[in-house]
Structure formats: structure tokens, C-alpha cells
Amino acid sequence: MSQDSRHLPAVAPAVTAEIVGALSPRLRKRLDAAITKIADRPVTRDGDTVRIAVDDETGLELHAPAGVVSTADAIRCGCLLAPDCLHRAAIASAAPVADPVADPVADPSADPSPDPSSDPDAGQPSPAEDAGPPQPPEAEESTATPEQRAAAGHLWAAGAALLDTGIEGAGAVLQSELLRAAHTAKLGGLPRPAAAAVSVVTALRSARSADPAHRLADLTAAVRELLGAVHRLPDATGPELAALRGTARQTYVPNGSLRLYGLFTEPLITAGGYAGAITWTAAADGRLYTVSDIAPGGPGRATAAAGRTVRLGDTALTHRQLSHAGLALSGATVSPTGRLGAGAGSKAVQAAGAAWTDEPIAALWAPPAAGQAARALHSEAPGGDLLFLDVTILGPARETGGDCLLAVCEDLTLRLTAAHDHPALAYRDNLRMLAALPGTRLRVIGRLVPDARPTLQLLASAHPSDPARRVDLGLDRLQRADLPASPPPPVAQAPTGPGTDPAPLHLLRRRLEQAVAAGRPFLSVPGSLSADTGQLRRSALPTAADLLAELQRTATRRARDPFGRLLPADPTDFARAWLGAALYAEAAETSLCAAAWQPDRSART
């Protein structure tokens, strides 16, 4: 089925859960088909009101102040069965899900647009904006409360049900159960599990709608994050419990005066219906800070936001201009994620920028690649996953996951990939243009991809014809005229085939993704995984082999009732085995990624 929810406002999880929960069993069976039909209907917007023509006689209205539908009454239908009609449930299930974290801003007068790291509620100003200066956090219980344990149990049950059915069986009803559990978790003081559940629903909808941007690996990671958090939470204490609970708001703290230098602007399109731009800047000491403009919208907003004025003091710089210029700030406030607040006390004036080859920002490229990768794998600092490298282009390569660009950095062969595949962004086209320049040396900025082969998502690069200029690869489209008239001679070509992992963890990873895609029954055929477990053992990965074997045992294990009849499989048992294998795979891949960036591994890529 196909659907396009980019023009619909975000709907709060509790609203969708309430409306779907009110449907009769007969209407629930028809909900997924209704979503397909209604999502293709024309959408018009009049201020805060969005209207959808169901047919010639029936219309829907969504009242969405600040882009978010926050109550069930805000969705109205003109049909005779309203309010308990299929139309309201279908449109709520087709719309993007608003992040359950309702307090994204704690700076009393800060920019109310959402923090891109958490994709929150459409940038609504939080109650904290009228509450004066940020207050110290209240002391939390050293163990989870009964309400939190119950909420974690509901989330676990919903996640296990997803693994039992797979994507095809995870329709709107199961999604509403996840959203209901997310709302309960939010009310119980569990913002991290609540946000994880919303991420799963968003990725599910992307998968079921055949969204080109859907990646099964992303959905698998979202399920792992959700189940991992709620599985540990009932028994966690102290700092571990605090980390599993998460934080509900970004607290801005005073940071005095800052002298910043623009680095690049990154367009952002989320699966949850938000879009905009993030401009990355650096201070003289190398710390990174961001200015963002994120709000509900689609690809058009992502590209347009780069031309909007940044919300800092009285500066008139746009995001694009700031990425090449500099700022001098006084009275700055900064969130833990490095986001600059736009409070009334913050003053900003334009200052001179710096080329990537000039100090102080040239120092970002000084550390060796292996050291930068090791830091990126474990850093929680703002921009900690960004790498600053000098590379020499080798040429294009076609791989299972899509086209990539091969390059040499120090003694490593790197795979450079597009940061986003949406055609409205320039990443993919620019990657093809750069692939035509073997032998060209470029200074680049990219985001580390945890993989057993050195892989980087390209975000920005020096201009191929003029190293003093720079290219925001998601926004600026390179043309043939931008390429050097006489490119340097190509360097020795590295292998361009699909390659294999140094250790065949891809066998375990593939089965974990198949469980998410097709559900427990797909892995329940006896003996179907024996070849994979055998290869894992021969590759000195006995733990991976044991975990995969246990995954199949739990997929096929079924008890019998007193009369000898088979009972349904236990989804909780299977989910526990899946989570153990997923956590092992994540830890092993992190270790392999760190090793892959060591120069002596270049010959094995």
C-alpha cells in the first residue's frame, strides 16, 4: 500500500490510542484498509485546521495548534457514525506520531522549535518557558516504581507481539497498543522508553507504506532499543535506572561568551513528519555547537529552512551563511546536546569565519582516523559521531546496501555513503558526481556508521575545484562545471565487490532483521538455521551460534495443554531470545568497527 502523510499534522500517541481503542471489533478489522484509502485523499490547510475530503459528502477536520493534534476532540468527522467511526481512527493512524516528550525546551525564552536529537512535539513551547530559570532536577527513586514496572511490562508485551507477527501483522491496532503503552510510560516518568516506542511505530508505518526511505536495519535497531530499555528497567538501580528512564526535557544552562566558526549545514527529514536544517559550528577549543530550525513538514521545508534566518540574538545570518561565517555570542545558553538557546539574554553578532584549512577549526582534522573512530563509538558529546578526514577518491562501488564511494584515508579504504536517500536532498546525486573524480583529494566531514568495514555517511566536503570553498552535500548540488577540468590521475583501485564481514556476524544480523520483517513463524522451520549456526561456529563465534540456535528453539517451542493439544507459541520467550542475540550483535559490531579503523586492517576490506 502507499500513503503520504507529509501534509498531515502530527497526532499525539494518546489520541491515536484512544480513537482506535473506541472502535468496535468489526471496524478494527477494516482499519488497515481504511488507512490506505484515506491517506491518498487530498489535504488542505487553513491556519491550524487541516481538512481531508473522505468523499463528496463526508469530510474530516483536524485542529492542530503548533502542528500537533493533542486531543481526540480535535479530530472531527461529518459521517453518521462519528465520533466512533472508522474515518477518525484511519486519519489518526495515517498521520505522523507526535513525540511523547512534551517539554523539549527548558530555557525560559529559548527557541521553541524542537531539538532534532529527540524529534519532539512539533516545537510547542513548554510550560517551563513561563516558569523562570531552570530548576535543579528532583531526586528520583533509586528503584523503579510499581507504575513504571507496569508501564515497562506493557511496552514489553507490545514489542513482543510485533516480533511475533512481523511487519505485515503489525497493523494499526498493534501500533495503537504501542502508542497507548508509550503514553502510559510518559505519564509514569519514562520518557526514553516512551520515545523508543514512538520510534518503532514511526518505522513500522514507513515499512508498511513502502516508503523509499525505510530501512529494515533502522526498524530493527528501534525494536532493540525499546526492548532493551524495558527489559532492564524493573531491576535497574541508581545511574543505570536514570539512564533507562531518560530525561523529558532539554535543560539549557548558561555558557557565557562563545566565539564560533561555521562548519556546515545539514538538512533533516525525519520519518515522524519533521524537517528543517541544523547548522554545525565549532569553538576554538574544538567543541561543537548547533543552531537548528526543525518543525513539522516535508522535504521542501528541509531545503527551505537552510535559507531562513537563525534565531540567535539580532543576527540576520541564514543557516547557509552561518555555515561559512562566524558568530560572537554573549549570554549564551546551551543544552546537553550542544544546541544553542535563543533566550532574550543571548546576544549574537556576525564575526569572521574560518576556512577548513585555517586555525582554529583546522585542528578538527588533525587526529588520526582510527582515534576519531574510537572516540565516535563511545562519545556522548555533541557531534561526537562526526569524523573530520582527508580522503582520496578511488571510485564508485555497488554493494548490497546500495551504491557507495570508495576512498583512501591514511592506510584505510573507506566506504562513503549518502546520509539520506530522499531525492529532494542532494546527497545521492553529489556522491555520483564525486565518484567521477578518482584521484581527487578532499577534506570531508561525515558521520560514523558502526560497521565491520570502515564506513562514513558524507555530510560536507571541500569543493572539488577549490579547496577553499565547501559544499553542504545535502543542499548544494554539484554540476559538471564544478568538477576539475583535468582531474588527477586515478590511484590504484580497491576491490569494489560486495565484500564480507571479517567475522560473519551478518548471518546473525540477517536473522534478527528477518524476525522483525516476517515474525517468529519465519524462523520456526526446524533446521532452517543450521547452516548459519555451523558457519558461525567454524568462524570461532560460538556465542553467536548458541544465540541463533536459541532463537530458533524459542520460535518453534510450543507447550501442550492437558489434552495434548499444542498451545500458541510464547511471544515473550521468543522476544527475550531475540533481544539477547540483538544486544550481542550490537556489542560485537561495535568491537569490529573499532578494529576495522585500525590501519593494519585495510588490506582486508
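Residues numbered from 1 in each chain as written. Predicted model: local features only at pLDDT ≥ 70, side-chain atom pairs only at ≥ 80, totals over all residues. Heavy atoms only, no water.

A short note on the overall build of the protein chain
Within the protein chain, the secondary structure is distributed over 17 helices and 17 strands. Buried residues in the protein chain amount to 53% of all 605 residues. Here the analysis covers contacts within the protein chain between residues at least 6 apart in sequence; of these, 66% occur between residues at least 24 apart. (Helix = DSSP H or I, 4+ residues; strand = E, 2+ residues; numbered from the N terminus. Buried < 20%, exposed > 50% of the residue type's maximum accessible area, 1.4 Å probe, protein only. Contact = heavy atoms within 4.5 Å.)

Quick word on unusual backbone geometry
In this structure, the amide linkage connecting A82 to the following residue, P83, adopts the cis form with an omega of 10°. Assignment of secondary structure puts P83 in the loop between β6 (75-77) and α4 (86-94). If you check the backbone angles, A540 has positive phi at about 65° while not being a glycine. Assignment of secondary structure puts A540 in the loop between α15 (530-538) and α16 (542-556).

So, the sheet that holds β6
Pairing in this open sheet of 4 strands is antiparallel, and the strands run β2-β3-β4-β6 from one edge to the other. Looking at strand neighbours, the two that pair on one side only are β2 (43-46) and β6, the edges of this open sheet. The mean inter-strand angle of the sheet, taken between neighbouring strand axes irrespective of direction, is 20°. With 5 bridges connecting them, strand β3 (residues 49-53) and strand β4 (residues 59-63) associate as antiparallel partners. For V50, the partnering residue across the bridge sits in β4 and is L62. (Pairing = 2+ DSSP bridges. Axes fitted to C-alpha atoms, helices over the stretch in contact; angles between N-to-C directions.)

A closer look at the environment of D451
The topology assignment puts D451 in the loop between β15 (441-449) and β16 (455-462). Linking D451 and T590, residues 139 residues apart in sequence, is a C-alpha distance of 7.3 Å. Leave out the neighbours within four places in its chain, and D451 touches L592, C593 and A596. For D451, the side chain forms a polar contact with the main-chain nitrogen of R453, separated by 2.9 Å. (Polar contact = N/O pair within 3.5 Å; in protein donor to acceptor, adjacent residues only side chain to side chain.)

As for the pairing of β2
One ladder, built from 4 bridges, connects β2 with β3; its direction is antiparallel. Its bridge partner lying in β3, R45 is registered against V50.

Some words on the packing of helix α7 (residues 191-208) against helix α8 (residues 216-232)
A packed helix pair is summarised by two numbers, namely the angle formed by the two axes and the spacing between the axes. Where α7 contacts α8, the two axes come as close as 9 Å, and the packing angle between them is 155°. The pairing of α7 with α8 is recorded here as roughly antiparallel in orientation. Handedness of the crossing formed by α7 with α8: left-handed. Listed contacts from α8 to R192, P193, A196, A197, S199, V200, A203 and L204 of α7 are L219, A222, V223, E225, L226, A229 and V230. Partitioning the contact of α7 with α8 into residue classes produces 12 nonpolar, 1 polar and 2 charged. (Parallel < 35°, antiparallel > 145°, perpendicular 65-115°, else oblique. Left-handed = near helix turned anticlockwise from the far one by under 90°. Nonpolar A, V, L, I, M, F, W, Y, C, P; charged D, E, K, R; others polar.)

Let's talk about the nonpolar core
Core analysis: the largest hydrophobic core is formed by 66 residues, its most contacted members being V200 and W578. Those elements giving two or more residues to this core turn out to be α5 (146-169), α6 (172-187), α7, α8, α9 (238-245), α14 (506-518), α16 and α17 (571-596). Considering every element that reaches this core, the biggest residue donor is α17, with 10 residues. Discounting chain neighbours no more than four positions away, the residues touching V200 are L162, L178, L219, A222, V223 and L226. In this structure, L389, I393, L425 and L478 belong to the second largest nonpolar core, which totals 60 residues. (Core = buried A, V, L, I, M, F, W, Y, C linked by side-chain atoms within 4.5 Å.)

Some words on the confidence of the model for the protein chain
Should pLDDT be low for a region, the predicted coordinates there are not to be read in detail. When pLDDT is averaged along the protein chain, the result is 86; 88% of the residues meet or exceed 70. Here residues 494-500 is modelled with pLDDT under 50, and outside its nearest four sequence neighbours on either side it reaches 17 contacts, counting other chains as well. For residues 601-605, every residue scores under 50 in pLDDT, and the model assigns this stretch 11 contacts once sequence neighbours within four places are set aside. (pLDDT = per-residue confidence, 0-100.)

Concerning α17
Taking 1.5 Å of rise per residue, 26 residues should cover 38 Å, and α17 covers 36 Å from first to last C-alpha, within 8% of that figure. The opening residue of α17 is D570, an N-cap whose side-chain oxygen sits 3.0 Å from the backbone nitrogen of T572. (Expected span 1.5 Å × (residues − 1).)

Focus on the packing of α6 against α7
Their axes nearest at 8 Å, the elements α6 and α7 cross at an angle of 160°. The angle between α6 and α7 places the two elements in the roughly antiparallel class. Of the two possible hands of crossing, α6 and α7 adopt the one that is left-handed. Contacts from Q175, L178, L179, A182, A185 and K186 in α6 reach A194, A197, V198, V200, V201, L204, R205 and R208 in α7. Residues belonging to the contact of α6 with α7 are distributed by class as follows: 10 nonpolar, 1 polar and 3 charged.

Observations regarding the pattern of salt bridges
Tallying each qualifying case throughout the model produces 28 salt bridges. Here R432 ties to D429 by a salt bridge, and the two come within 3.1 Å at their closest N and O atoms. Of this pair, R432 and D429 both sit in helix α13 (residues 427-435), 3 residues apart, which is roughly one turn of that helix. The partly exposed category is assigned to D429, whose relative accessible area is 36%. Close ionic contact of E550 with R553 constitutes a salt bridge, the shortest N to O distance being 3.0 Å. Of this pair, E550 and R553 both sit in helix α16, separated by 3 residues, roughly a single helical turn. Given the relative accessible area of 43%, R553 is considered partly exposed. Within this structure, E550, R553, R557, D573 and R576 form a network of salt bridges that share partners. (Salt bridge = Lys/Arg side-chain N within 4 Å of Asp/Glu carboxyl O.)

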